[in-house]
Amino acid sequence: MLHLAHGLTDVPIAHNRVSCRASKPTQRFLAMMGSNSGRARARAHSNIALVKYWGKRDAVLNLPAVGSISVTLDGLYTDTEVIFDAKATIDRVALNGAQTDPTRFSRFLDLVRRRAGIDKRAIVVSDNNFPTGAGLASSASGFAALALAASAAAGLTMNSRELSILARQGSGSAARSILGGLVEMHRGDADNGLDAYAEPILDADTWPLEVVVAITDTGVKSVDSTAGMQSSGTASDFYPAWVEHAERDLAGMRSAIADRDFTAVGELTEYSCLKMHGLMLSTRPGLIYWNAATVAAMHAVRKLRADGLPVYFTIDAGPQVKALCAPGHADAVAAALAKVPGVLETRITALGPAAFRVE
Ligand code: DP6
């Protein structure tokens, strides 16, 4: 795989030689729609934040109120193909083999069309290798893959900073999925959002952390992140404190990563997760994303730690628990979490690469 080189934010993302065949439903969909030039495919991986993003400073440009730091996950990804078709009259989207409402995609494709000076409608075919909309950051990998595939299909050459800014306008966390390894998303201050993008901190091989994902529910969550964070911004007394102290948490995490201090990284990870969920719980009406198995898995992680395993939990806006493990400990953690009542499945993943194009 071709990783984005560390710090090379002003070079175009290269083609990847990995060949990636369309799934059967995807091939049927493409055959049905016909094909044309102006076509590109991309893969982007999901990510989880160690220092969390929750809240916006601008809803239109989707500018975050706080920066965030994440790890990109090798095992969870989205493959997306975009075809700009001169004959198409509307945008059509197939998500995991089923036609889906194109509204959110069309709004995003308009950004690409405007930049490229084209007005062709698009066929978008997107497949996740994990449950969609259940707190596994499918919007992160989804909009990152769409940003890369759509911009390439439109004939644009964009560097990773430009792609991150574009992906952010689809979903804030997607800005981070353009990059691999450990990644920082900058909150930025500018009104036009040009300083709100993600950058790599360390690439995936430099510190081979592992993550165990414990899936406790595969259903779609009741309140999505966009709606949830909008409520927290206006209806939680805790929100001003959340924004005020974000920079301190980010600085702590940057220095813990620079020192490769797993304990400090892990402690800050749990802290940021619990603080964000405290903010969610304090919102009126309260946002409760956990189920019984989520809580049981959190206790299990702390018990494993008390028994000497280097592992810390984090949880996004959903019921799944992600256990951050020091290199070499994921198998033992996964075996223990698989026994927690209500845990349906565990997946082990290494840190993943930057988004890339597939042929
Ligand atoms: C809890 O990126 O899904 O996962 O920008 O509105 O699309 P939008 O929100 P989204 O929110 C992610 C929130 C989180 C924390 C995080 O990933 O940092």
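No experiment lies behind these values; they were computed from the predicted model shown. (Residues numbered from 1 in each chain as written. Predicted model: local features only at pLDDT ≥ 70, side-chain atom pairs only at ≥ 80, totals over all residues. Heavy atoms only, no water.)

What to know about the overall build of the protein chain
For clarity, the threshold we go by: Comment: elements are numbered from the N terminus, with helices defined as DSSP H or I runs of at least four residues and strands as E runs of at least two. The cut-offs for exposure are 20% and 50% of the maximum accessible area for each residue type, with area from a 1.4 Å probe on protein chains only; residues under the lower value are buried, those over the upper are exposed, and the others partly exposed. Contacts are residue-level and defined by heavy atoms, with any inter-residue pair within 4.5 Å sufficient. For the area figures, the Shrake-Rupley method with a 1.4 Å probe applies, and any residue is considered shielded solely by the protein chains shown.
A count of helices and strands for the protein chain gives 11 helices and 14 strands. Across the 359 residues of the protein chain, 54% fall into the buried class. Residue pairs at least 24 apart in sequence account for 76% of intrachain contacts in the protein chain once pairs closer than 6 positions are excluded. Element-wise, carbon and sulfur atoms account for 53% of the exposed surface of the protein chain, whose accessible area totals about 14,600 Å².

Section: the site of the ligand
We count it as follows: Residues are labelled near a given molecule or strand when at least one of their non-hydrogen atoms is within 4 Å of it. Between N or O atoms, a polar contact is any pair within 3.5 Å; within protein, one atom must be a potential hydrogen donor and the other a potential acceptor, and residues adjacent in sequence are included only when both atoms are from side chains. For this scheme, ten residues count as nonpolar: Ala, Val, Leu, Ile, Met, Phe, Trp, Tyr, Cys and Pro. Four count as charged, namely Asp, Glu, Lys and Arg, and the remainder, Gly too, count as polar. Marked domain ranges trace back to an automatic or database domain assignment.
Residues in close proximity to the ligand total 18 residues, the closest being Tyr53, Lys56, Gly172, Ser173 and Thr226. Thr226 is positioned such that a nitrogen or oxygen atom in its side chain is 2.7 Å from an oxygen atom of the ligand. Considering each element in turn, the shell around the ligand owes the most residues, three residues, to helix H6 (residues 225-235). Residues belonging to the shell around the ligand are distributed by class as follows: six nonpolar, seven polar and five charged. Two domains each put at least three residues into the shell around the ligand: domain 1 (11-202) and domain 2 (210-350).

Notes on the environment of Leu63
If you trace the backbone, Leu63 turns up in strand E3 (residues 63-64). A relative accessible area of 1% means that Leu63 is categorised as buried. Beyond its immediate sequence surroundings of up to four residues, Leu63 is in contact with Lys56, Arg57, Asp58, Arg168, Ala190, Asp191, Gly193 and Ala196.

A closer look at helix H4 (residues 160-168)
Summarising burial for H4: seven of the nine residues are buried, a large majority. Structurally, H4 contributes buried residues whose contacts are with E3, helix H2 (103-116), helix H3 (138-153), helix H5 (174-177), strand E8 (182-185) and strand E9 (198-202). Between a side-chain oxygen at the N-terminus of H4 and the backbone nitrogen of Arg161 the separation is 3.1 Å; the capping residue is Asn159.

What about the nonpolar core?
Selection rule: Put simply, a nonpolar core is a bunch of buried Ala, Val, Leu, Ile, Met, Phe, Trp, Tyr and Cys residues held in one set by side-chain atoms that sit within 4.5 Å of each other.
Among the nonpolar cores identified, the biggest contains 37 residues, and Val82, Phe84, Phe108, Leu109, Val112, Val124 and Leu146 are the most heavily contacted of them. If you list the elements that add at least two residues to this core, you get strand E1 (39-51), strand E4 (68-85), H2, strand E7 (121-128), H3, H4, H5 and E8. Broken down by element, this core gets its largest block of residues, 10 residues, from H3. Among the nonpolar cores identified, the runner-up in size contains 28 residues, and Leu50, Val211, Val213 and Ala326 belong to it.

Some remarks on empty space enclosed by the protein
For clarity, the threshold we go by: Using a 1 Å grid laid over the protein atoms alone, points where a 1.4 Å probe fits but cannot get out form a cavity; open sets with protein on both sides within 12 Å along at least 5 of 7 lines form a pocket; any residue with an atom within 4 Å of a point counts as lining. Grid points are joined across faces, edges and corners, and a volume is the space filled by probe spheres set on the points.
As enumerated under the stated definition, the model contains two cavities of 30 Å³ or more in all. By volume, the second largest cavity is sized at about 50 Å³. Every residue lining the second largest cavity is listed: Val51, Lys52, Val66, Gly67, Trp242, Ala246, Asp249 and Ser272. Tallied by class, residues from the lining of the second largest cavity come to four nonpolar, two polar and two charged. Two domains each provide a minimum of three residues to the lining of the second largest cavity, namely domain 1 (11-202) and domain 2 (210-350).

Overview of H3
What counts is decided by this rule: Helix span is expected to be 1.5 Å times the residue number reduced by one.
For H3, which comprises 16 residues, the first-to-last C-alpha distance of 22 Å matches the rise-based estimate of 22 Å (1.5 Å per residue) to within 8%. Counting buried residues along H3, 15 of its 16 residues qualify, which places the element largely inside the surrounding structure. Gly155 occupies a position one or two residues after H3 and carries a positive phi of about 85°.

Section: the layout of surface pockets
Any space left empty among the atoms is revealed by the rolling of a water-sized probe across them. Of the voids in this model, the second largest pocket is the one considered here, and its volume is about 190 Å³. The wall of the second largest pocket is formed by Leu111, Val112, Arg114, Arg115, Met158, Glu162, Ile165, Leu166, Gln169 and Leu194. Secondary-structure elements contributing two or more residues to the lining of the second largest pocket are H2 and H4. Per-element accounting of the lining of the second largest pocket gives the leading share, four residues, to H2. Here the residues of the lining of the second largest pocket sort into six nonpolar, one polar and three charged.

Side note on the packing of aromatic side chains
For clarity, the threshold we go by: Pairing of aromatic rings covers Phe, Tyr and Trp, the last counted by its six-membered ring, and requires centre-to-centre distances within 6.5 Å; plane angles under 30 degrees mean stacked, over 60 mean edge-to-face, and any other angle means tilted. Only when the NZ of Lys or the CZ of Arg is both within 6 Å of the ring centre and within 35 degrees of the ring normal is a charge said to sit over the ring.
All chains considered together, the criterion is met by four aromatic pairs. An aromatic cluster of three or more residues is present, and its members are Phe105, Phe108 and Phe143. In this structure, Arg43 is placed above the aromatic ring of Tyr77, and the distance from its NZ or CZ to the ring centre is 3.9 Å.

Comments concerning the side chain of Asn128
Relative to the helices and strands, Asn128 is located in strand E7. A polar side-chain atom of Asn128 sits 2.6 Å from a polar atom in the side chain of Thr78.

A few points about the side chain of Thr294
Mapped onto the fold, Thr294 is located in helix H10 (residues 292-306). When near neighbours in sequence (up to four residues on either side) are disregarded, Thr294 contacts Thr216, Ile315, Pro319 and Val321.

Some words on the sheet that holds strand E12 (residues 321-325)
Quick reminder of the rule: For two strands to be treated as a pair, DSSP must find no fewer than two bridges joining them. For every element, the axis is a line fit to its C-alpha atoms; helices are fit only across the contacting stretch, and the angle between N-to-C directions ranges from 0 to 180 degrees.
Here we have four strands laid out as an open sheet, ordered E11-E12-E10-E13, and antiparallel in their pairing. Of all the strands in the sheet, the pair left with one neighbour each is strand E11 (311-314) and strand E13 (345-350). Between one strand axis and the next, the sheet turns through 25° on average, direction left out of account. Relative to E13, strand E10 (residues 210-215) runs antiparallel, the two sharing six bridges. Bridging from a neighbouring strand, Val211 pairs with Thr349 of E13. Across the sheet, helix H9 (residues 262-281) is in contact with E11 and E12; its angle to E11 comes to roughly 25°. Together, E11 and E12 form the strand contacts of H10, whose direction differs from that of E11 by roughly 160°.

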